[in-house]
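# Structural overview for review
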Amino acid sequence: MSLHDDAVLVLKDYEAIEDGQSGLRQTYLDHLASHPDGMWKSCGAGHLTASALVVDAQRGRVLLTLHKKLGLWLQMGGHCEPQDATLAAAALREATEESGIRGLSLLPGGPVVLDRHPIPAPCHWHLDVQYAALAPADSTPAISDESLDLRWFAYDEVAAVADASVVRLVERTRAAL
């Protein structure tokens, strides 16, 4: 099965709880139906990305990265790569690479939320499929080349440092926990 096929199955199985998520899920499916290259950065109309919010559930906090290019506190994530067998594997790979934490495990049940956001040309859209990943006890993060900083934030601190999409991801993750 191709990564494209896996993404279609993941999206068909995604249970959209929030208003707008069902329509967004259909936008993603329509995009993939119209763009065989819709998983890849080279797709000018936009492409799916995979991300994961790293959670230390025992201590009630999440790990955010200060994105080098955007200057925003975000969850770990990015572009799918040819070696990614599944969308979940892409999210886990990105979270591991950007957090430096080995042994992350995705929450069962698939993605927790979808987020579509504009990006600078030549591409136009990231269609992000967002998962949540549990960090092993006493994990120590390590800053990657893609980040200016990494920091643990208590759940109630996220709204003060991150945008609404990250706050929504934290809320949905906490509900999934």
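Placed above this text is the structure.
First things first, this report covers the structure right here in the doc.

So, how was this worked out
Residues numbered from 1 in each chain as written. Predicted model: local features only at pLDDT ≥ 70, side-chain atom pairs only at ≥ 80, totals over all residues. Heavy atoms only, no water. Helix = DSSP H or I, 4+ residues; strand = E, 2+ residues; numbered from the N terminus. Rg over C-alpha atoms; globule rule 2.2 N^0.38 Å. Contact = heavy atoms within 4.5 Å. Buried < 20%, exposed > 50% of the residue type's maximum accessible area, 1.4 Å probe, protein only. Salt bridge = Lys/Arg side-chain N within 4 Å of Asp/Glu carboxyl O.

## Focus on the overall build of the protein chain
For the protein chain, the count of helices and strands is five helices and eight strands. Listing each helix as α and each strand as β along the protein chain from the N terminus yields α-α-β-β-β-β-α-β-β-β-β-α-α. On C-alpha atoms alone, the protein chain measures out to a radius of gyration of 15 Å, which is about the 16 Å that the 2.2 N^0.38 rule sets for 177 residues. Within the protein chain, contacts between residues at least 6 apart in sequence are counted, and of these 66% link residues at least 24 apart.

## Side note on helix α1 (residues 3–13)
Looking at α1, one finds that the buried residues are Leu 3, His 4, Asp 6, Ala 7, Val 8, Val 10 and Leu 11. The inward-facing, buried residues of α1 abut α2 (21–34), β1 (47–56), α3 (87–99), β6 (113–118) and β7 (125–134).

## Things to note about the environment of Leu 87
Within the fold, Leu 87 resides in helix α3. Distance in space between the C-alpha atoms of Leu 87 and Gly 77 is 11 Å, their sequence separation being ten residues. Dropping the residues within four chain positions of it, Leu 87 is found in contact with Leu 3, Asp 6, Ala 7, Val 10, Met 39, Leu 48, Ala 50, Cys 80, Val 129 and Tyr 131.

## Here we look at the pattern of salt bridges
Per the counting criterion, the structure on display carries eight salt bridges. With its nearest N and O atoms 2.9 Å apart, the salt bridge here joins Arg 61 to Asp 56. Judged by its relative accessible area of 9%, Asp 56 falls in the buried class. Through salt bridges with shared partners, a single ionic network connects Asp 56, Arg 59, Arg 61 and Asp 138.

Such coordinate-based values are descriptive only and should not be taken to indicate function.
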